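Summary of the model geometry
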Amino acid sequence: MNIFKKMYCRTFQTIFKWAIPILPYSQPKILQNMQELASMLNEKNIKKVLVVTDKGISSLGLTKDMEESLANQNIEVCIYDDTVANPTSDNVEDARVMYIEQGCEALIGFGGGSAIDCAKAVGARIARPKKTLTKMKGLLKVGRKLPLLIAVPTTAGTGSETTLASVIVDAQTRHKYTINDFNLIPSYAVLDATLTEGLPQSITASTGIDALTHAVEAYIGRSTTKETRGNALEATKLIFENLLDAYDNGSNLLARDNMLRASYMAGLAFTKSYVGYVHAISHSLSGKYNLAHGYTNAVILPYVLKKYDRAIYKKLWELGSYAGLFGEEVSFEEGAKLFIYKLEDMLRYMNIGKYIPQIQKEDISELAEKAEKEANPLYPVPILWGKEELAKIYYEVKGND
C-alpha cells in the first residue's frame, strides 16, 4: 500500500476513534427467556410479529416455546423460514413483503447470525421502502428508526444481537456487503442457553471461534476503548474456558450459557472497535463460495495473526495471560506464539481444517480486491495491507493443489 493511502486510512480511523464516545451506540436489553419476551411485547401492545428464521430452526421446532409464550399473551406469530446460510437480498425482500402483507408490528430474528442479519435488513427496508439494500451498504445510510427488533440467538458466536451491522449477499452478483447503522442494533436480545443445547459439534466449534475472532480482532485493533478491551478480554477468557466443554457435551448448560455471554461481550467489543482482515477475507470467501462465515473465520484467524507478527505480540500476550493460558513470566513474543499455538490446538481438537480448498486461483485477485475495499479504510488493523499482501493470505489458506 502506498504511503498516501496509508495516511488516508489512518486519518479516517483516528477520526472514528475520537468519535466513539459521542456516537449513539446502544446495548440491547437482555431478556432471559420466552416468558420475559412475551411480557415485554404485551406491555408494548404488540399483537403480531414476524419471526425471521431458517428451515433448520423450524424443522427442529425451536420456535415452539416462543410461539406458545406469545400465544398466551394473545400475540400472533408469522414465520419466514427461508433464510439461507448467507442471507440474500431475495430473502430480505420476501420477508419484507410477508411483514407488510400480514400486518406485523415487530421483528424477531431467531437463529444464528444469518437469521438475525436478515431480520435487521428487513427492518431497514421497512424503514426505508424507497431505498434499495445496495444503496444502504456502508456506513450510516439507513438513517431511520426500524420497527421493534428483537434478536434471539441460537448459536454462541456471531454477536449479531449486539451489533450495528447486517451482512447480506446480493442474490444476482453474489457480492457480500455490510450495512452499518446504529438503527440496526436490536432493542432486545433473548439469551437463553437452552436454545443452544444439543447444537451439532461443527456449529458449536465454528460459531465459538467466530466469537473469539470478534474478541481478538477488536482487541488487537487501533480503535479500542477501556470498555471494549474489558469486553474482549472477558470474552476470550470465557471461550478458552468453555468452548471445548460445550463442544464435548452439548447438554452442558453452564458452558453453553458462558459461551452466550462470551459471544455477547465479543459483540459489544467489535461493534465499537471493529474487526480486521480476518473478516474482510472471510466475507469475500463466504459470499463467493457460500461457505459458513464462522468456519472461514476459524481457518483464516491463525494465518492473519502470524502475519501480523511482532506488531501484536504484546496484545496477544495480554489476551493469553488474562485467559490463563500462561503465566506473567512469559515474554511477549513467547506468549503471543503460545496464544496462537493454543488456538491451533483447539481448532485441531474440533476438527477444523487448516485450508479452504474451494478457493480457485483465478478468483484470488478479485477476492483480494473485495477484501481490500471492505477493510480499508474502515478497519483499524494493526498493520495496513493492500491487495497484494491480502492475496498472499488467500494462497496460503487455499493450500496445495
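Residues numbered from 1 in each chain as written. Predicted model: local features only at pLDDT ≥ 70, side-chain atom pairs only at ≥ 80, totals over all residues. Heavy atoms only, no water.

Here we take up the pairing of strand β6 (residues 148-153). With six of six residues buried, β6 is to be regarded as a mostly interior element. Of the two faces of β6, the one lined by L148, I150 and V152 and the one lined by L149, A151 and P153 are each fully buried. Here six bridges tie strand β4 (residues 106-111) to β6, and the two strands are oriented parallel to one another. Looking across to β6, one finds that I108 is bridged to I150. When β6 meets strand β9 (residues 188-190), the two strands line up parallel, connected through two bridges. Its bridge partner lying in β9, A151 is registered against A189. (Buried < 20%, exposed > 50% of the residue type's maximum accessible area, 1.4 Å probe, protein only. Helix = DSSP H or I, 4+ residues; strand = E, 2+ residues; numbered from the N terminus. Pairing = 2+ DSSP bridges.)

Here we take up helix α5 (residues 89-101). Because an α-helix packs 3.6 residues into every turn, residues spaced three or four apart end up facing the same way. With 13 residues, α5 extends 18 Å from end C-alpha to end C-alpha; this agrees with the ideal 18 Å at 1.5 Å per step. Burial in α5 covers these residues: S89, N91, V92, A95, R96 and Y99. The buried residues of α5 occupy one face: seen down the axis, they fall within an arc of 150°. One or two positions beyond α5, positive phi appears at G103, with a value near 70°. (Expected span 1.5 Å × (residues − 1). Arc of directions from axis to C-beta.)

Moving on, we come to the pattern of salt bridges. Applying the stated rule across the entire model yields 16 salt bridges. Among the ionic pairs, K55 bridges to D82, the shortest N-O distance being 2.3 Å. Taken together, the positions of K55 in helix α3 (residues 55-60) and D82 in the loop between β3 (76-80) and α5 put the pair 27 residues apart, joining distant regions of the chain. Between R348 and D345 there is a salt bridge whose closest N-O contact spans 3.5 Å. Taken as a pair, R348 and D345 lie in helix α13 (residues 332-349) at a separation of three residues, close to a single helical turn. Take D345: its relative accessible area is 37%, and that puts it in the partly exposed class. (Salt bridge = Lys/Arg side-chain N within 4 Å of Asp/Glu carboxyl O.)

It is worth spelling out the sheet that holds strand β7 (residues 165-169) at this point. The three strands are arranged β5-β8-β7 in an open sheet whose pairing can be described as mixed. In the strand order of this sheet, the two ends are held by β5 (138-139) and β7, each with one partner. Relative to strand β8 (residues 176-180), β7 runs antiparallel, the two being bridged by five bridges. By the bridge assignment for β8, A165 is matched with N180.

Okay, the sheet that holds β6 next. The six strands are arranged β1-β9-β6-β4-β2-β3 in an open sheet whose pairing can be described as parallel. Of all strands in the sheet, those with a lone pairing partner are β1 (29-31) and β3, marking the two edges. On average, each strand axis in the sheet is inclined to that of its neighbour by 25°, with strand direction left out of account. Strand direction decides the pairing type here: strand β2 (residues 48-52) and β3, joined by five bridges, are parallel. In the strand pairing of β3, V52 is matched with Y80. Those strands touched by helix α2 (residues 34-43) are β1, β2, β4, β6 and β9, and its axis lies near 175° from that of β6. The strands that helix α6 (residues 113-127) touches are β2, β4 and β6; relative to β4, the one it contacts most, it runs at about 160°. (Axes fitted to C-alpha atoms, helices over the stretch in contact; angles between N-to-C directions. Contact = heavy atoms within 4.5 Å.)

Secondary-structure assignment places K48 in strand β2. On the basis of relative accessibility, which here comes to 15%, the residue K48 falls in the buried class. Reaching out from K48, the side chain makes a polar contact with the backbone oxygen of Q102 at a distance of 2.7 Å. (Polar contact = N/O pair within 3.5 Å; in protein donor to acceptor, adjacent residues only side chain to side chain.)

Any link to function would need more than the numbers given here.
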